[in-house]
Every structure is written in structure tokens, then in C-alpha cells.
Amino acid sequence: YNGDDFVAQTIHSILNQSFHQSEYILVDDGSTDLTAQIIESFNDERIFFFKIDRIGRGKALNFALDKARGEYIAIQDADDICHPRRFELQLIWMKKTGINIALGSMVKRISEEFNYEDIECFDFQSPVEIQINQLTDQIIYYNPIRHSSTLIPREGLLKINGYSEIRKNLFDWDMFIRYVKSGGKLYELNLPLVYKRQHDKQFFERKDRVTYVL
């Protein structure tokens, strides 16, 4: 919603993934800025764009889930950026670990001024110890997985009926709690595969912290 400041960089980071066998479902939840025009300027057969009336985050996420046909769902917010090998590395570890997991990654915080071209190209070909950590038990105390870094089996999301459509915030924590209750596990790769942007338009950063926490 109203993501024209950053959405072009976000789209580039998905289309330039080393793993290409994917569909890219973009849902514009009734934006009043130039978001739709920016999205429509991209010409790529992997993009499936839907502009809908303002229905809210939970319903918009479920709308995208309903349109998805892939085996796995990768979540990506409109203002964040993916490392070029995010999908490739997450799929490798997803298949090693099992199908009933939600797999996130570490993130790097970036500012409004950060550009897609500034991404560090990590040399994963050099000896790097990639570890995967289980975080399932932590869900009792807080949400241990960054939503915008998550890869999750589509069938697992459908099993729990996707996202809540009555909540106003914390859609990800609510979803992960229900996912764990259904038998799923939460894991995280110790690599920063997502760049999380911080800016004044975000709910938490625009001083609504007390409301968000409550």
C-alpha cells in the first residue's frame, strides 16, 4: 500500500534472483500513489499483478495466497530488498530440513537512502559456515522470525487458513503461532538474506510503538 518510494527496488531484487523458477504475485491494496504505475512498467512474464480495493493487510495476503500455485511461498514486503541468492539458499535448506518448517533468515537494517545497487555481493563460494537454528520454542515469548524473510510451504499456510482477516497488526506472529500449533517448526539461516528498510511511513517507526506493542 502506497509503496512508490521503494517498490521498484524491491521488484528488481526479486526478478534478479539466482533461482528463476518462480511466480511473482504483487497485490496493490488500493494505493493512492504511483505504486500501480511503477509495477505496470515492468515487463516480465513471472509477474502477476492485482490491483484491488483497500481491504487490509490480512485479506490482501490471503488474496495473494489464493492466487499462488508454487510449492513454497516467499514473503516480501514492498519496501524491503532481497539478496540475489535468497531463494536459492533457502530452498536448499528447506529441502534438507523437511517440509513442515517456516524458514527465515537474518536481516540487515537499511535506511531510506539505501539503493538496490548497494547490496553487498557475499562470496558464498568461499568457505562460509552456513548454520540453521531452530527457534520454535521462542514463539511463546515473541516472534523470532522476520516475516519478510520467510519461506514457507504453501500447503502449510493453507492448512491453517492463511492469515487473520480481523487483526489490525501482528499478522505474522499470529500466523506463526497457528503454524506451530499445527505441527510446524520455525528455523532461521544465520545469513542476512533480506535488507529491512526503516522509514517514517512504517507503523512501528512512526511513533505508534505503544499501540503496536499492546
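You'll find the structure just up there.
Caption draft 1: Region of the structure containing helix H3 (residues 57–67). Of all the residues in H3, the buried ones are Gly58, Ala60, Leu61, Asn62, Ala64 and Leu65. Taken together, the buried residues of H3 touch strand S1 (24–29), strand S2 (47–52), strand S3 (72–74), helix H5 (154–159) and helix H6 (171–181).

Caption draft 2: How the structure looks around unusual backbone geometry. Positive phi outside glycine occurs at Asn2, with the angle close to 50°. Along the chain, the position of Asn2 falls in the segment before helix H1 (7–15). The backbone phi angle of Leu170 is positive, close to 55°, even though this residue is not glycine. Note on placement: Leu170 falls in the loop between H5 and H6. Judged by its relative accessible area of 16%, Leu170 is buried.

Caption draft 3: View of the packing of aromatic side chains. The full count for this structure, using the stated rule, is one aromatic pair. Considering the side-chain rings of Phe50 and Phe63, the 5.4 Å spacing of their centres and the 75° angle between planes classify their relative orientation as edge-to-face. In this pair, Phe50 sits in strand S2 while Phe63 sits in helix H3, placing the two residues 13 residues apart along the sequence. Since its relative accessible area comes to 24%, Phe50 is described here as partly exposed. Accessibility expressed as a relative area gives 24% for Phe63, which makes it partly exposed. Positioned above the aromatic ring of Tyr1 is the side chain of Arg54, whose terminal nitrogen or guanidinium carbon lies 3.5 Å from the ring centre. In this structure, Lys96 packs its charged tip against the face of Trp93, placed 4.6 Å from the ring centre.

Calculation notes
Residues numbered from 1 in each chain as written. Predicted model: local features only at pLDDT ≥ 70, side-chain atom pairs only at ≥ 80, totals over all residues. Heavy atoms only, no water. Buried < 20%, exposed > 50% of the residue type's maximum accessible area, 1.4 Å probe, protein only. Helix = DSSP H or I, 4+ residues; strand = E, 2+ residues; numbered from the N terminus. Contact = heavy atoms within 4.5 Å. Phe/Tyr/Trp six-rings, centres within 6.5 Å; stacked < 30°, edge-to-face > 60°. Lys NZ or Arg CZ within 6 Å of the ring centre and 35° of its normal.

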